[in-house]
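Below, each chain spelled out in residue letters.
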Amino acid sequence: MIFREVELRDLIAKARRGHVEAYNVLISRWEKRVFNYLLRLVRQREDALDVSQDVFLKAYQNLKKLDDPAKFPAWLFRIAHNEAYSLLRKRHPEAELTAEPRMAESSGGMFPIESTLAVRSALERLTDDQREAVLLKVYQGFKFEEMAEILSCPVSTVKSRLYTALDLLKQTLAPVNIGGVE
Amino acid sequence: MSCSIDDLKAYVVGEMTRHERSAIEDHVRVCQNCHDELDRLNSTQSALASLEDEEIPRRIAFVSDRVFEPRWWQTMWRSGPAMGFASAALLAGAIVVHGFERPWAPVAATPSVDTAQIERRVEAQVNERMNAAVGKAVNEAQAKQSAEFAKVLDATQHRFEAQRQADMASFLQADEYRQKQMARLEVASNQGPAQ
């Protein structure tokens, strides 16, 4: 872990000096994670890919503004968050992205048996904010403080969004859980 | 420890210290409701984890574009020796330029210039030079003219003298011929009456 942190600092330092190959390595380490985060957030493959490219372009252009290289992951996902929400606002300019969560429908056997489809469906039932909280915590493993930085909101708001999402997911995924995912 | 569903969620998502985790684990052993709730949360977490990451359809490869390469001035700026050389070259250039350039005089130290006086002085010098040049030219012309006049006069005198001498010679010759004729007539008159 320490070795990877040192390596990350080294790669970022080289990329800041204009070493394209160093930044190439950084991209290869993070492109899959960023792409999947964006894919689950914007829910369209081509859009996710386009935004991913924009994210890494902006990251390179602003790499000198990154104060602490150790914060690169959260910093990168903050750029991804901003880019994704920029796209979502263009798609639905009238929608309030921080709307109250939609209530889950009855889960009485109406979801696909295949757990992947069920999970996707359950995630899509969340609001964008709730879904993003789940993506950052469950799939990307960020701490609450890092999530607060990425989302530009207090830790309490992060907790609220995540805990509400977990409640909704718990209800929605109950048939899957009963079927035994583990 | 009292029942707290938020604590159970924090436990599931890994936002608890080791001590807090131990407290939760102790609590769910004795609290059936929290035990069941923790099971449901763990199952939800497991279901979410079953969603695998997708491979990216195509690699993000735009980093090889020139837009990512440092500009020439960035490369120059980052190069210590190059910057040192450039600084030395600039300094040398500044010294050379300063050497050839006339130093600036402060405005306050500049003496006031009487342009009218300068114009008068220049005009006087011009007039003086013009008069000298004109006088010289006139003198040269007069001298040349006098020389030519003397030359012509001399030639005329020579011509008149030659003409006079020729006339004189002709007169003497005619006078000699007349005297001879007179003498011949006188001889003839003296011989006539004697026959």
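What comes next is a walk through the structure. Every value quoted in this text rests on a predicted model; they were computed, and no experiment measured them.

Digging into the interface of chain A and chain B
Part 1: On the side of chain B, 28 residues touch chain A, which itself brings 36 residues to the contact.
Part 2: For the side of chain A that touches chain B, the secondary-structure elements that each account for two or more residues are α2 (20–42), α3 (45–61), α5 (115–124), α6 (128–139), α8 (155–172) and α9 (174–179) of chain A.
Part 3: A total of nine residues in the side of chain A that touches chain B trace back to one element, the largest contributor, which is α2(A).
Part 4: A per-class count over the side of chain A that touches chain B returns 20 nonpolar, eight polar and eight charged.

As for the packing of α2(A) against α3(A)
All names here are of chain A.
Part 1: Taken N-terminus to C-terminus, the directions of α2 and α3 make an angle of 140 degrees; their axes are 9 Å apart at the nearest point. By the angle between their directions, the pair α2 and α3 is classed as oblique. In the packing of α2 onto α3, the handedness of the crossing is right-handed. Contacts between α2 and α3 involve Tyr23, Ile27, Glu31, Val34, Phe35, Leu38, Leu39 and Val42 from the first element and Arg45, Asp47, Ala48, Leu49, Val51, Ser52, Val55, Phe56 and Tyr60 from the second.
Part 2: Residue classes in the contact of α2 with α3 are distributed as 13 nonpolar, one polar and three charged.

Quick notes on the packing of helix α1 (residues 5–12) of chain B against helix α3 (residues 32–49) of chain B
Residues and elements named next belong to chain B.
Part 1: The contact between α1 and α3 brings their axes to 10 Å, and the two run at 40 degrees. Regarding the angle of α1 to α3, the classification is oblique. Handedness of the α1/α3 crossing: right-handed. Of the residues in α3, those touching α1 at Ile5, Leu8, Lys9 and Val12 are Cys34, Glu37, Leu38, Leu41, Asn42 and Gln45.

Here we look at the nonpolar core
Residues and elements named next belong to chain A.
Part 1: Ranked by internal contacts, the top residues of the largest apolar core, which has 56 residues, are Val34, Leu38, Ala80, Val134 and Ala165.
Part 2: In terms of residue count, α2 provides more of this core than any other element does, eleven residues in total.
Part 3: Counting contributing residues, this core receives three or more from each of domain 1 (1–95) and domain 2 (99–182).
Part 4: Sequence-distant contacts of Ala80, defined by excluding residues within four places in its chain, comprise Val34, Tyr37, Leu38 and Val55.

Thoughts on the environment of A:Leu162
Part 1: Residue placement: A:Leu162 occurs in helix α8.
Part 2: Considered as a pair, A:Leu162 and A:Glu132 are 30 residues apart in the sequence and their alpha carbons are 8.6 Å apart.
Part 3: For A:Leu162, the contacting residues outside a window of four places in its chain are A:Ala133, A:Val134, A:Lys137 and B:Val13.

Re α1(B)
Part 1: Of the positions making up α1(B), those classed as buried are B:Leu8, B:Lys9, B:Tyr11 and B:Val12. Angular distribution of buried residues about the axis of α1(B) spans 155 degrees; they occupy a single face of the element.
Part 2: For α1(B), the secondary structure elements touched by its buried residues are α8 of chain A together with α2 (18–30) and α3 of chain B.
Part 3: A positive phi of about 80 degrees marks B:Gly14, the residue just after α1(B).

Quick notes on the rules
- Residues numbered from 1 in each chain as written.
- Chains lettered and ligands numbered in written order.
- Predicted model: local features only at pLDDT ≥ 70, side-chain atom pairs only at ≥ 80, totals over all residues.
- Contact = placed C-beta atoms within 7 Å.
- Helix = DSSP H or I, 4+ residues; strand = E, 2+ residues; numbered from the N terminus.
- Nonpolar A, V, L, I, M, F, W, Y, C, P; charged D, E, K, R; others polar.
- Axes fitted to C-alpha atoms, helices over the stretch in contact; angles between N-to-C directions.
- Parallel < 35°, antiparallel > 145°, perpendicular 65-115°, else oblique.
- Left-handed = near helix turned anticlockwise from the far one by under 90°.
- Core = buried A, V, L, I, M, F, W, Y, C linked by C-beta atoms within 7 Å.
- Buried ≥ 20, exposed ≤ 12 C-beta atoms within 10 Å, placed from the backbone.
- Domains from an automatic or database assignment.
- Arc of directions from axis to C-beta.

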